[in-house]
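# Reading the structure
So the chains spell out like this:
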Amino acid sequence: MQANDERLRQILLERERLKTSPQTMAKASGFGIARFVVSCNDASLVLALAKEVMIVVNNYSTQEWPSLENWISMLPFQFVNNFSPELTEAERKTQIQNWEALTYEEKLTEASHDDQWTLSSWLSWLEPEEREWFWWDAILFDFPLNNSHFLIEVTTLDSTFMSGALKKLFEACGASDVVSEDDL
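Nothing here was measured: the structure is a model prediction, and the numbers come from that model.

Analysis parameters
Sequence order sets the numbering: in each chain, residues are counted from 1 along the sequence as written. Only residues with pLDDT of at least 70 are given local features in this predicted model, and only at 80 or more are side-chain atom pairs given and counted; all residues enter the totals for whole chains, interfaces and linings. By convention in this description, side-chain values take in all heavy atoms of the structure and omit both hydrogens and water. Relative accessibility under 20% of the residue-type maximum defines a buried residue, over 50% an exposed one, and the middle range a partly exposed one, all with a 1.4 Å probe and only protein chains included. Secondary structure follows DSSP: runs of H or I at least 4 residues long count as helices, runs of E at least 2 residues long count as strands, and numbering of each begins at the N terminus. Paired strands, as defined in this entry, are two strands with at least two bridges between them according to DSSP. Here, axes are lines fitted to C-alpha atoms. For helices the fit covers the stretch in contact, and angles between N-to-C directions go from 0 to 180 degrees. Contacts are assigned to residue pairs with any non-hydrogen atoms lying within 4.5 Å of each other. Charge counting treats Lys and Arg as positive and Asp and Glu as negative, with His and both chain ends excluded. When a carboxyl oxygen of Asp or Glu is within 4 Å of a side-chain nitrogen of Lys or Arg, the pair counts as a salt bridge.

### Here's the deal with the pairing of strand β3 (residues 149–156)
When a strand is regular, its side chains alternate between the sheet's two faces. For β3, the buried fraction is high: seven of the eight residues fall into the buried class. One ladder, built from eight bridges, connects strand β1 (residues 32–39) with β3; its direction is antiparallel. The residue bridging Val-37 from the neighbouring strand is Leu-151, located in β3. In the sheet, strand β2 (residues 133–140) pairs with β3 via seven bridges, with the strands oriented antiparallel.

### With respect to the pairing of β1
Buried residues dominate β1, accounting for six of its eight residues. Across four bridges, β1 lies against strand β4 (residues 177–180) in antiparallel orientation. Bridging from a neighbouring strand, Ser-39 pairs with Asp-177 of β4.

### Describing the sheet that holds β3
The strand order across the open sheet formed by four strands is β2-β3-β1-β4, and the pairing between neighbours is antiparallel. Where the open sheet ends on each side, the last strands, each with one partner, are β2 and β4. Going from strand to strand, the sheet's axes swing by 30 degrees on average, the running direction of each strand aside. Against the sheet, helix α2 (residues 43–60) touches β2 and β3, its axis set at about 155 degrees to β2.

### Focus: the side chain of Arg-17
Inspection of the secondary structure assignment puts Arg-17 in helix α1 (residues 5–19). No salt bridge is formed by the buried Arg-17; the nearest opposite charge belongs to Glu-14, separated by 5.7 Å. Arg-17 has contacts with Gln-10, Pro-22, Ser-29, Phe-134, Trp-135, Trp-136 and Thr-155, leaving out every residue within four places of it along the chain.

### What to know about unusual backbone geometry
Cis geometry marks the peptide bond from Phe-143 to Pro-144; its omega dihedral reads 10 degrees. Relative to the elements of secondary structure, Pro-144 occurs in the loop between β2 and β3.

### Topic: the pattern of salt bridges
Applying the stated rule across the entire model yields five salt bridges. Note that Glu-6 and Arg-9 form a salt bridge whose closest N and O atoms lie 3.1 Å from each other. Linking Glu-6 with Arg-9, this pair stays in helix α1, spanning three residues, or about one helical turn. The class of Arg-9 is partly exposed, set by a relative accessible area of 41%. The salt bridge partner of Lys-19 is Glu-16, with a shortest N-O separation of 3.8 Å. One end of the pair, Lys-19, and the other, Glu-16, are both in helix α1, three residues apart, so they sit about a helical turn from each other.

As structure tokens, then:
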């Protein structure tokens, strides 16, 4: 599947930002920056694992999208192991029918409250043609929060976006909570 030109551009920009943080005064690409505070027991470990996962995903975003079995072997075990079991074909069809019946606003609400993520459902939101957010930067807080919290910044394609996959990324990496800066 092919991403549109803007998504492809964002994927390539994200690839650079995953290697090197943007300059402090760099102008955001996309619609702008959305910020989330991540709470966890080991901020450096959670952040490093999330970045590792996103580097793998980004590298395959400009190639043929791998099968679920290949993703399972490529992504870190401790990340993959934090997802719910995959659905049966009948369960998946029912879920798709229910999802397609929702309005966009209902999908936004549903996606932000869904705790039963499978790896395949998470990956579906990271496919190049579905991406709505892209890694911008991550900032560890100063002492005394430096080991328990950090800030993740993403650039988005629209002012509203489905952040469930972003939150699940960090939760599957060991975060206990991921809260939008807008909700603080």
